[in-house]
Each structure stands twice: as C-alpha cells, then as structure tokens.
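Remarks on the overall topology
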Amino acid sequence: MTHVQSNSHASAARRPPAHDDNHDHEIESLEEFDRVVAAGSLAGHRVQSVDLTDRTFALLSTDTSDSVFLGCAMEEDAAAKIRAGGALVFPPVPDLPFDPYRGGLYGPDELFAQLVDAGYDATPDARTYAWFQETKADGDIFASMLRSIHDDAVSDALDEDLAGAQVVGIMGGHALERGSAAYAGAARLGRRLARTGLTVATGGGPGAMEAANLGAYAAPFEDGMLDSALEILAKAPHFAPSVTDWARAAFEIRRGWPDGGASVGIPTWFYGHEPPNAFASRIAKYFVNAVREDGLLARSRAGVVFLPGAAGTVQEIFDNATPNYYGSRGEPTPMVLVDRAHWTEKLPAWPLLQALASGRSMAARIALVDSVDEVPETLARLGTGAPA
C-alpha cells in the first residue's frame, strides 16, 4: 500500500501562512533575512532570490518548517537540512539572463548594465529578449514556466511598490520623436502631474512613454533642467537605427542631473524591438504583453491619459473602457483623450467611447481635450464625477 503521509510537509509548505498579510512573511533582502532569523524562526516565510551562501549557520540552526525558498543560492548541506525540516527549495536556474524569482522591480541601471562599455546588445535587457525569442520559438514548457513565474513575481513587486500611491497612467505612441513639440508637451505633462503628488506610470517604452517618464524625472529640478534635457536628447531622436546611442543620451541626462523624480514604467519583451526607457525609476518588465497592459491600466486608479498613438493606444483605450463600462473594478476611473483631431478624425475612437458611455456612470468620467495643458484640471474634475 502506498502511504501519502510522507508528503505532508511538502503540502504544508505550499500553503500560505495563516495571517492577514502574506507580504509580512516575504523576505526579499539579506537584511530582512537577518532580522527574521534574529527574531527566532523562518517558519512559514517565503524567501525570494536572496544569496544565502554566507548564511549556512543560520539556516542550519533556525526553524524553517513550512517555508519556501525561491531561487536562493545556498550551500548543499544547508539546502538538505531545510528540505528535511519541511521547506520547499526552488534552486536558482543557471545560465539565465534574468532572475525568474526576483523580489523587486527592475531599475534602469540593471536593465542597461554594460551599455556604456559594450553597447545595448550586451545588456541584460537585450539578452533577455534574445532568450525569449529563442525559447518562444522552440515551445519549451520549462521556459514557459520560467516566464510565468517571472511575470507573477514582477506583479507582486509592483503591488508592493505602488501600495498607497495615487497612480495616473499616461499612454501614447512609441514613434514620437525626441525634439518634437509633442514630445516636449508629454514631458511637461509628466512633470506637472508628478509635482501634484501623483505617481506617473507609463508603458515604459520610447516615444510618448519616455517623454512622460522624463517629465516625472525632471519634477524635483528647476524648470530649465527639462529644457536642457530635451536639447540633449534631440541629438538621438529615435531608438532606430541605434538603441545604444538612444539609450546613452538618456543616461547622459541621468548623470548630469542625478536623483530625479520617481515614476514607473511597465514595458514588455513581447515588443522587444522597443527598448525600455531609462527615466522610469522603477521598471516592471513583463514577457506577456496582455498581463502587462491590463496590470498598468488596473493600477491607474487616478485616471488614464491617452496621448495620440496608433493601434496599441487604441487597444488601451478600450481595454480601459471595458471595466469602466461594466463596473468590474468598482467606480469608473477618469479617461482623458488628448488631441481632438487625432481621436475624432484620424483614429475616431472618441465617438465610439462616447457611445459606449452613454447612459452609464462612466459618462461623467471621460473627456476629450485639445492639448496636454488641459489635462491636470480635467483629471481633477473627472475624479469628482462632475459633468463635462
């Protein structure tokens, strides 16, 4: 007869700890690990991507029952002991250009490491895209699992990062060039919204997305800083033909004006030909574009601004309109479309949005404006549900 009692420890380890906030039991740094060990027990904790090779004694001498270790480097004897003590251990995966178990968001310096010395193709961002292309083509279930684990870890980190923040999403096309009046306008909008205390979030790519993140980065500085930055960036107006030159110009700004304002970028390796921009201080980069887009819109509870764009921006308008129409996320959130000619003539999304909103509560939360200068006041008005 087969006995199943031997799996009881593993089953228990799969259950989350019985308390109100699972984040209380997540350990994502060596400092957190040391504090928990000093308190006496690692039981029920989840340890994410922490290098524990120098913490063998702590692992051997501390209760680790019902705990889970995700991608933590450790000595073999420590790993054997904690497994025997009822923990689940998911070891690091060798030879990956990314960490599927990461405990926090990316930063620009991490994604663009090696840019200055070796160019963009040598960066973790470019190497991860190359890995994605290769594994997506061969259909390997292990690679698919790693991508899913990674994206879930990024979503968890994003929720932690944005807890309590008033997030405003700014959407727009990737083709908008540095040096254009529209790029400067998007940057001014990002700066103005950041200065009101809102957290600016974008799709994290180039064009209008970069401009909005740049504006948020410029928010703590005097107004002249943004003008100077725009002049420097105009020398490399587009990420084609050289992502390296385009990205190096951004890092020139970051070196010249360090410690800029915070904002969030949420890009994807699905559009690997579009690099992330370096002005978002925290970057939640995903493999699955649908998860990325829905997550960005769902977290933008202070409203979403839609600058002129093409198919991707049109898709985002109606991805946002759908839960507002059905009320599936609670009260409708503000939606502001910018550039009347673009959204009524070139790509007439506004008439359809109006038609959808007719007779519903979302009707008081949508607006079409002519310029970015009208956006802050319009967002504030729509947030109250006041009629247009």
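What you are looking at is a predicted structure, and each value in this text was computed from that prediction instead of being measured.

**Some points on the pattern of salt bridges**
Evaluation of the coordinates by the stated rule reveals 13 salt bridges. Among the salt bridges present, the one from Glu-110 reaches Arg-102, with a minimum N-O distance of 3.0 Å. A relative accessible area of 37% means that Glu-110 is categorised as partly exposed. Asp-125 is the salt-bridge partner of Lys-285, the closest N and O atoms lying 2.7 Å from each other. With Lys-285 in the loop between strand E8 (282–283) and helix H13 (289–299) and Asp-125 in helix H7 (residues 124–138), this pair connects stretches of sequence that are 160 residues apart. Like Asp-125, Lys-285 is buried. Sharing partners across several salt bridges, the network here consists of Arg-191, Arg-195 and Asp-223.

**With respect to the environment of Asp-125**
Asp-125 sits in the buried class, given a relative accessible area of 1%. In sequence terms Asp-125 and Gly-272 are 147 residues apart; their C-alpha atoms lie 8.9 Å from each other. Among all residues touching Asp-125, those that are not within four sequence positions of it are Leu-111, Tyr-120, Trp-269, Pro-276 and Lys-285. Within the structure, Asp-125 has its side chain in polar contact with the side chain of Lys-285 (distance 2.7 Å).

**A look at the domain arrangement of the protein**
Looking at the assigned domains, one finds that the protein contains domain 1 (26–90) and domain 2 (156–384). Inter-centroid distance (C-alpha atoms) of domain 1 to domain 2 is 40 Å.

**Brief notes about a nonpolar patch on the surface**
Residues Ile-141, Phe-142 and Met-145 make up a contiguous nonpolar surface patch of roughly 310 Å² in combined accessible area. Its place among the elements puts Phe-142 in helix H8 (residues 141–162). By relative accessible area, Phe-142 is classed as partly exposed at 40%.

**Considering the sheet that holds E8**
Pairing is parallel across the open sheet formed by seven strands, whose spatial order is E8-E7-E6-E5-E9-E10-E11. The sheet terminates laterally at E8 and strand E11 (366–369), the two strands that pair on one side only. Inspection of the sheet shows strand E5 (residues 167–171) paired to strand E9 (residues 304–306) by three bridges, in the parallel sense. Looking across to E9, one finds that Ile-170 is bridged to Val-305. Lying over the sheet, helix H10 (residues 208–218) contacts E5, strand E6 (199–202) and strand E7 (264–265), oriented at roughly 160° with respect to E6.

What counts and how
Counting from 1, residues in each chain are numbered in the order their sequence is written. In view of the model being predicted, local features appear only for residues whose pLDDT reaches at least 70, and side-chain atom pairs are presented and counted only at 80 or more, with totals across whole chains, interfaces and linings using the full set of residues. By convention in this description, side-chain values take in all heavy atoms of the structure and omit both hydrogens and water. For this analysis, a salt bridge means a side-chain nitrogen from Lys or Arg found within 4 Å of a carboxyl oxygen belonging to Asp or Glu. Accessibility here uses a 1.4 Å probe with only protein chains present; expressed as a share of the type maximum, an area under 20% marks a residue as buried, one over 50% as exposed, and anything in between as partly exposed. In this description a helix means any DSSP run of H or I spanning at least four residues, a strand means any run of E spanning at least two, and both kinds are numbered starting from the N terminus. For this analysis, residues touch if any pair of their heavy atoms sits within 4.5 Å. Throughout this description, a polar contact denotes any pair of N or O atoms lying within 3.5 Å of each other; where both atoms belong to protein, one of them has to be capable of donating a hydrogen while the other can accept it, and for residues adjacent in sequence the pair is counted only when both atoms sit in side chains. The domain limits used here are those given by an automatic or database domain assignment. What goes into a patch is any residue over 30% in relative accessible area without a salt bridge, connected to like charges within 9 Å or, for nonpolar side chains (Val, Leu, Ile, Met, Phe, Trp, Tyr), within 5 Å. All accessibility values rest on the Shrake-Rupley procedure with a 1.4 Å probe; residue burial counts only the protein chains present in the view. Two strands pair if DSSP finds at least two bridges between them. Axis definition: a line fitted to C-alpha atoms, limited for helices to the stretch in contact. Angles are taken between N-to-C directions and run from 0 to 180 degrees.

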